[in-house]
Amino acid sequence: MPATMNPATSRIQVRPSAEREGRKDYISIRDYGFWYGQKKALDAISLDIPERQVVAFIGPSGCGKSTLLRNLNRMNDLVDGISHEGDITINGRSIYDPGLEVISLRRRVGMVFQKSNPFPKSIYENVVFALRVMGVRDRSILDEACETSLRKAALWDEVKDRLQDSALGLSGGQMQRLCIARAIANRPEILLMDEPCSALDPIATGKIEELIHELKEQFTIVIVTHSMQQAARVSDRTAFFYLGKQIEYDTTEKIFMNPSQAQTEAYISGRFG
Amino acid sequence: MSSPSSDSSTPRGEAWVWFTGLGLIVGLGMVIGLLSLVILNGVSVFWAPHVPVAQIDDGRTVIGQLAQRRIRPGSLANAPQYERQYQVGLRELNGNSYLWVDEAKVKAETFPADILGLERVENGPAFVRPQSLRKSDGQVLAITDSAFEAAFQAEVAAASAVREKLVEITRHQIGDVNAEMEAARVALRRAEDLRLTQEIAALRLKITALEGRYAALLAESEKVVKGGAVASLTSRDSAGRDVVIPLTQVVRGWFPNRLDTWGRCQLFCSRVAEFIFDEPREANTEGGLMPAIFGTLVMTVFMSLMVTPFGVITAIYLREYAQQGAILRIVRISVNNLAGVPSIVFGVFGLGFFVYVLGGSIDQLFFGDQLKYNNNTPVFGTGGLLWCSLTLALMTLPVVIVATEEALAAVPRGMREASLAAGASKWQTIRDILLPASAPGILTGVILAMARGAGEVAPLMLVGVVKLAPTLPFDTVAPFLHMDRKFMHLGFHVYDLGFQSPDSDAARPMVFATTLLLIALVVALNIGAIWIRNRLRARFKGASF
Ligand SMILES: Nc1ncnc2c1ncn2[C@@H]1O[C@H](COP(=O)(O)OP(=O)(O)O)[C@@H](O)[C@H]1O
Ligand SMILES: [Mg+2]
């Protein structure tokens, strides 16, 4: 969205525009394994995620979808006793590169959680939080970022008259869209969503799905979902996991129409999971 | 799906409800009993009752306010005999303000309208039958004169104004000059020792100027004393003796048997106002408690200001940064146990460490000249406001640490993750998200700490609270707040009145009044803190934690 880009926020944008043209693989996960203490939660995961596409992770509970997602921005660093093997690269650079600060990684990879978690602050402060922690003080930049993100999150019209009210007064669906606005305010390259609609009613879910379609224009999106329909509706590619292993990863069409693995077929046809 | 056995177990559960309710009732009863005892006794101190003239069997007459009534020691339990204590006042004549009389021996009690109660600057109150008033212009009014009471009150007011002026001059202004003189003398001794010729000359000049001011103030006070003739009241006491009381001695006069309810209320209010806003008189048994109220307040506020940041920072380290493990568990247990250490232990620590070690080093480092040229008089190396606040801050530290740790732990994990996922550093997350969200919980800890600190006495006696402080810790001389000064404290005041007072009968009602004031102050401080907390909480209203 070069029209609304201004000099200060454009510095945040790390992605060179030339690269955005070809749909090259953006995130690549190679032979990745992960342990919580002694317990192996992920085993031999290898998949590539092209840029500006939506990739859905599906699979029964406990199969490691969230674990993989939370490793993409190293949120699992908060857990004690973790270890990994293999590598994850984003735009060619390993996320475990010692020269790469976790904070700068997280600034490039936004995250939306299953349970909406707005801060007990005003709507405005919630949205601009990521900019504030980056040290942006300029009021006009903050105002503009607030408006663009809220617009992109399809929340602007509902809250524009009460930006200074507490975010905790919003409805569940609004709160989740606020969390999306907050996650995209500092223009990350990647947006991770962990079952973003699981606590929402169908109308709010519909809104968020529409939103994902629009956000795809600018962001690479990885979404974990429990709903087959949702995965089919929003994603370009789908990965199916089972017991920490990657069973199948292909275009969504292929996975749902003509899966190559029997387990995948069993799962999407509802025979187990 | 109810089976007979589950039905029969229900009534057994009911018994426990009653049992737990009983606990609540006992607790409530104790609180209400304590409060009503203190309030009743404390408030009645200021209420002026009717004052009887009692005729005793042995021919004596007693004029005095009923102070107590109790079963006479040694009387039979099934036929109790009572004795009464009258506050007769006029200590200079009667030797004692209070008198016990056998109730059986009281022949008659009358309440004549001409009884006058007097509160005096010295020798306690007096209950007399006035005869005549000699006004300051020389005119003499008899008690029968209709203008007597108005004239009397006008003279008392005039005399009070003069007395207040005198107090202002002698205690405050001359006190300030004395303090400055003291400082100048110390400086002079130093200058002489170091042979600083210029300074010596300047200081000598300053001292001369101060001596001039002192003399002028003294002259002014003499003029106030001598200026105008002194009104006096001639009265008769219970024994029929004539007593002449100069009105400069009188703080307040009232006719207890003549007052209507409104008048009694006015008298009540004026006494309460004196109690709260004035300085103490007569070995603290009369007058007001302003210095003690002020001291308690300032000390508690400073304690809170010290304990809050310290406790919060410690808790943040323990909860957010420290490596969780065996050592941390031991540290945590130790901190919690610190809350159970008897407070006097903290007093001893405060004296041994803060006063002697810290204060002594401060004196060595910054007040070396002061020590050398002022007979080794310590500045911070002795008890004072700073050390009291610090000692209590240390004592209440565990409360704040525990409350903060719990508040931090109660912040939903999602909020912490959201902040980190947005690219905030750990410190930014703590500062911008965790601390604001746990502020109400932290304040609850501070409230508890304040409640405990404000009522604590034992440790303070070791580190700087005194019975009577000559000056407030706060005045108009730079640096305005004197953290090194000793100060008065309501809790200590209660102890002092109750156990150390030379006139225990006179002190007894004041014990209750002071206790009431202490409770009121603690309650007020708590309400203030709770109000702040609720305002903070309102900001998180609707949070789906
Ligand atoms: N913080 C953690 N500590 C230990 N084990 C965990 C933790 N989080 C998840 N696990 C385990 O890892 C496995 C994968 O969990 P998760 O990624 O949450 O599954 P999903 O999101 O697919 O339901 C589960 O067996 C779970 O018990
Ligand atoms: Mg999950």
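None of the values given here were measured: they were computed from a predicted structure. Here, residues in each chain are numbered from 1, in the same order as that chain's written sequence. Each chain gets a letter, beginning with A, and each ligand a number, beginning with 1, in the order they are written. Only residues with pLDDT of at least 70 get local features here, since the model is predicted, and only at 80 or more are side-chain atom pairs given and counted; chain-wide, interface and lining totals rely on the full set of residues. Side-chain metrics in this entry use all non-hydrogen atoms of the structure; hydrogen atoms and water are not considered.

Student: Explain the overall build of chain B to me, using residue names and the numbers behind them.
Tutor: Scanning chain B from N- to C-terminus turns up 15 helices and 14 strands. The size measure is the radius of gyration over C-alpha atoms, and the globule rule it meets is 2.2 Å times the number of residues to the 0.38 power. For chain B, whose C-alpha radius of gyration is 31 Å, the value lies well above the compact-globule estimate of 24 Å for 545 residues. Seen through its C-alpha atoms, chain B measures out along the principal axes to roughly 95 × 90 × 45 Å. Sequence separation of at least 24 residues holds for 67% of the intrachain contacts in chain B that already meet a minimum separation of 6. Residue burial considers only the protein chains on display, and all accessible areas are found by Shrake-Rupley using a 1.4 Å probe. Entry remark: accessible area of chain B is about 28,100 Å², with carbon and sulfur atoms responsible for 64%. In chain B, 50 positive and 48 negative side-chain charges are present, and the distance between their average locations comes to 5 Å. Counting from the N terminus, the helices are the DSSP runs of H or I reaching at least four residues and the strands are the DSSP runs of E reaching at least two. Whether two residues are in contact is decided by their heavy atoms, any of which lying within 4.5 Å being enough. This count recognises Lys and Arg as positive and Asp and Glu as negative, with His and chain-terminal groups excluded. To locate a charge, take NZ of a lysine, CZ of an arginine, CG of an aspartate or CD of a glutamate.

Student: How would you explain the site of ligand 1 if you had to name every residue and give the values?
Tutor: Residue and element names in this part refer to chain A. Close contacts around ligand 1 come from Tyr36, Lys39, Ala41, Ser61, Gly62, Cys63, Gly64, Lys65, Ser66, Thr67 and Val79, and that covers them all. For the purposes of these results, a polar contact is taken to be a pair of N or O atoms within 3.5 Å, where, inside protein, one atom must be able to donate a hydrogen and its partner to accept one; residues adjacent in sequence count only when each atom of the pair is a side-chain atom. Residue Tyr36 places a side-chain N or O atom 3.4 Å away from a nitrogen atom belonging to ligand 1. Contact between ligand 1 and Gly62: an oxygen atom at 2.7 Å from a main-chain N or O atom of the residue. Coverage of ligand 1 by the protein chains reaches 64% of its 560 Å² of free accessible surface. Counting only elements with at least two residues in the shell around ligand 1, the list comes to β2 (39-50) and α2 (65-72). No other element matches α2, which puts 3 residues into the shell around ligand 1. Three classes are used: nonpolar for Ala, Val, Leu, Ile, Met, Phe, Trp, Tyr, Cys and Pro, charged for Asp, Glu, Lys and Arg, and polar for all others, with Gly counted as polar. Looking at the shell around ligand 1, its residues break down into 4 nonpolar, 5 polar and 2 charged. Throughout, near means a residue has at least one heavy atom within 4 Å of the molecule or strand.

Student: Describe the interface of chain A and chain B, and please don't skip the residues or the numbers.
Tutor: At the interface, 23 residues of chain A touch 22 residues of chain B. In this assembly, chain A packs against chain B so that about 1,800 Å² is buried in total across both faces, 64% of it on carbon and sulfur atoms. Values labelled buried area give the accessible surface lost by two parts on being combined, using a 1.4 Å probe and summing over both. When the buried area of chain A at its contact with chain B is split by residue, Pro120(A), Val133(A) and Leu168(A) rank highest and sum to 28% of it. Salt bridge, as used here: a side-chain nitrogen of Lys or Arg that lies within 4 Å of a carboxyl oxygen of Asp or Glu. Taken together, the connections running from chain A to chain B amount to 1 salt bridge. Linking chain A with chain B are 5 residue pairs in polar contact (both at pLDDT 80 or more), by the criterion used here. Secondary-structure elements contributing two or more residues to the side of chain A that touches chain B are α3 (102-108), β6 (109-112) and α5 (129-133) of chain A. For the side of chain A that touches chain B, the residue count by class is 13 nonpolar, 4 polar and 6 charged.

Student: I'd like a rundown of a nonpolar patch on the surface, residues and numbers included.
Tutor: Residue and element names in this part refer to chain B. Patches were defined on residues exceeding 30% relative accessible area and lacking a salt bridge, with like-charge contacts within 9 Å and nonpolar side-chain contacts (Val, Leu, Ile, Met, Phe, Trp, Tyr) within 5 Å. There is a patch of nonpolar side chains on the surface, built from Trp16, Phe19, Leu22, Val26 and Met30 and spanning about 600 Å² of accessible area. Within the fold, Val26 resides in helix α1 (residues 4-44). Three exposure classes are used, based on accessible area relative to the maximum for each residue type with a 1.4 Å probe and protein chains only: buried under 20%, partly exposed in between, and exposed over 50%. With relative accessibility at 48%, the residue Val26 sits in the partly exposed group.

Student: Tell me about the packing of aromatic side chains, and name the residues and values.
Tutor: Two measures describe an aromatic ring pair: the distance that separates the ring centres and the angle between the ring planes. Residue and element names in this part refer to chain B. Within 6.5 Å between ring centres, the rings of Phe, Tyr and Trp (the latter by its six-membered ring) count as paired, and their orientation is classed by plane angle as stacked under 30 degrees, edge-to-face over 60, tilted in between. All told, the structure shown has 17 aromatic pairs over all chains when counted by the stated rule. With centroids separated by 6.2 Å and ring planes inclined at 85°, the aromatic side chains of Phe46 and Phe268 adopt a geometry described as edge-to-face. Of the two residues, Phe46 sits in the loop between α1 and β1 (53-56) while Phe268 sits in helix α5 (residues 261-277), which places them 222 residues apart along the sequence. Aromatic ring contacts, followed pair by pair, group Phe349, Phe353, Phe354, Phe380 and Trp387 into a single cluster. Ring-over charges, as used throughout, are those where CZ of Arg or NZ of Lys falls within 6 Å of the ring centre and within 35 degrees of the ring normal. The ring of Tyr82 has Arg69 lying over it, and the distance from NZ or CZ to the ring centre is 3.9 Å. Over the aromatic face of Trp100 sits the side chain of Arg70, whose NZ or CZ is 3.9 Å from the ring centroid.

Student: Describe the sheet that holds strand β5 (residues 98-102) of chain B, and please don't skip the residues or the numbers.
Tutor: Residues and elements named next belong to chain B. When DSSP locates at least two bridges between a pair of strands, those strands are taken to pair. Pairing in this open sheet of 3 strands is antiparallel, and the strands run β3-β4-β5 from one edge to the other. Here the strands that pair on one side only, and so sit at the sheet edges, are β3 (65-71) and β5. With strand direction ignored, the average angle separating the axes of adjacent strands in the sheet is 25°. Alignment of β3 against strand β4 (residues 82-87), held across 6 bridges, turns out to be antiparallel. To get an axis, a line is fitted to the C-alpha atoms, and for a helix only the part in contact is used. The angle between two axes follows their N-to-C directions and goes from 0 to 180 degrees.

Student: Tell me about the pattern of salt bridges, residues and numbers included.
Tutor: Side chains that carry opposite charge are capable of pairing whenever their charged atoms lie near each other. Enumeration over the complete set of coordinates arrives at 41 salt bridges over all chains. Of the charged contacts, one joins Lys216(A) and Asp236(A) as a salt bridge, the two residues approaching to 3.2 Å between their closest N and O atoms. Here Asp236(A) lies in the loop between α10 (228-234) and β9 (237-242) and Lys216(A) lies in the loop between α9 (202-215) and β8 (220-224), a separation of 20 residues in the sequence. Among the salt bridges present, the one from Glu103(B) reaches Arg69(B), with a minimum N-O distance of 2.7 Å. With Glu103(B) in the loop between β5 and β6 (106-110) and Arg69(B) in strand β3, this residue pair connects regions lying 34 residues apart in the sequence. According to the relative accessible area criterion, Arg69(B) is partly exposed, its value standing at 47%. Each of Lys40(A), Asp43(A), Glu85(A) and Lys245(A) takes part in one network of salt bridges that share partners.

Student: Explain the sheet that holds β6(B) to me, and be specific about the residues and the numbers.
Tutor: Two orientations exist for strands paired in a sheet by backbone hydrogen bonds: parallel and antiparallel. Residue and element names in this part refer to chain B. With respect to topology, 3 strands assemble into an open sheet ordered β2-β1-β6, the strand pairing being antiparallel. This sheet does not close on itself; its edge strands, each paired only once, are β2 (61-63) and β6. Shown here is a sheet whose adjacent strand axes are inclined to one another by a mean of 20°, direction ignored. Sheet topology places β1 next to β6; 4 bridges connect them, and they run antiparallel. Counted as the bridge partner of Gln55 is Ala108 from β6.

Student: Please give an account of the environment of Tyr98(B) that cites residues and values.
Tutor: All names here are of chain B. Mapped onto the fold, Tyr98 is located in strand β5. Separated by 31 residues in sequence, Tyr98 and Ala67 place their C-alpha atoms 8.3 Å apart. Residue contacts for Tyr98: discarding those within four places in its chain leaves Ala67, Gln85, Tyr86, Gln87, Val88, Asp505 and Ala506. One polar contact links Tyr98 to Gln87, side chain to side chain, over a distance of 3.2 Å.

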